[in-house]
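# Notes for the structure review
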Amino acid sequence: MVEQIPWAAIGALTPSGMLMLAVWLILSGKLVPKATLDRETTRGDQWRDTAAKKQEIIQVQAETIRDQAVISETVAKVMAAVQDANRAGEST
């Protein structure tokens, strides 16, 4: 990072040179204002919370689907048994 600083344009580290260095760092994106950092940190926290809620919803849906699969298997077995009993009753 230090090698990217345009020392010739800035001059020595005099107060004006330090000000130019600070301005250059801000314009190049290497130095961000605290308000920007706080805003981005808050956004990151919101995304993390949203992702956690989404993961909980996905887990609940997966459990519900698993339960429904067990119920549908049971219903299919009962219906097959009823059909077999009807066929056995019709053939006698």
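This one's a predicted model, so the numbers in the text were calculated from it and none came from an experiment.

Analysis parameters
Residues numbered from 1 in each chain as written. Predicted model: local features only at pLDDT ≥ 70, side-chain atom pairs only at ≥ 80, totals over all residues. Heavy atoms only, no water. Helix = DSSP H or I, 4+ residues; strand = E, 2+ residues; numbered from the N terminus. Areas by Shrake-Rupley, 256 points an atom, 1.4 Å probe, with all protein chains shown as cover. Salt bridge = Lys/Arg side-chain N within 4 Å of Asp/Glu carboxyl O. Patch = residues over 30% accessible without salt bridge, like charges linked within 9 Å, V, L, I, M, F, W, Y side chains within 5 Å. Buried < 20%, exposed > 50% of the residue type's maximum accessible area, 1.4 Å probe, protein only. Expected span 1.5 Å × (residues − 1). Arc of directions from axis to C-beta. pLDDT = per-residue confidence, 0-100.

Right, let's talk about the overall build of the chain for a bit. Helix and strand counts for the chain come out as three helices and zero strands. Secondary structure of the chain in N-to-C order comes out as α-α-α. As displayed, the chain offers around 7,900 Å² of accessible surface, 65% of which is attributable to carbon and sulfur atoms.

Tallied over the entire structure, the rule returns five salt bridges. Residue Arg-43 is joined to Glu-40 by a salt bridge in which the shortest nitrogen-to-oxygen separation is 3.2 Å. Of this pair, Arg-43 and Glu-40 both sit in helix H3 (residues 34–91), three residues apart, which is roughly one turn of that helix. Because the salt bridges share partners, they merge into one network encompassing Arg-39, Glu-40 and Arg-43.

Here we take up a nonpolar patch on the surface. A cluster of nonpolar residues, Leu-19, Val-23 and Leu-27, forms a patch on the protein surface that exposes about 330 Å² of accessible area. Among the structural elements, Leu-19 can be located in helix H2 (residues 15–27). Under the relative-accessibility criterion, Leu-19 is labelled exposed at 56%.

A word on H2. In this model H2 runs 18 Å from its N-terminal to its C-terminal C-alpha over 13 residues, within 8% of the 18 Å that 1.5 Å per residue would give. Buried within H2 are the following residues: Gly-17, Leu-21 and Leu-25. Down the axis of H2, the buried side of the element spans an arc of 75°, and every buried residue falls inside it. In H2, the exposed positions angled more than 90 degrees off the buried face are occupied by Pro-15, Leu-19 and Leu-27.

Per-chain confidence: the chain averages 86 in pLDDT, with 85% of residues scoring 70 or above. Within the chain, the element-level pLDDT minimum falls on helix H1 (residues 7–10), averaging 58, and the maximum on H3, averaging 92.

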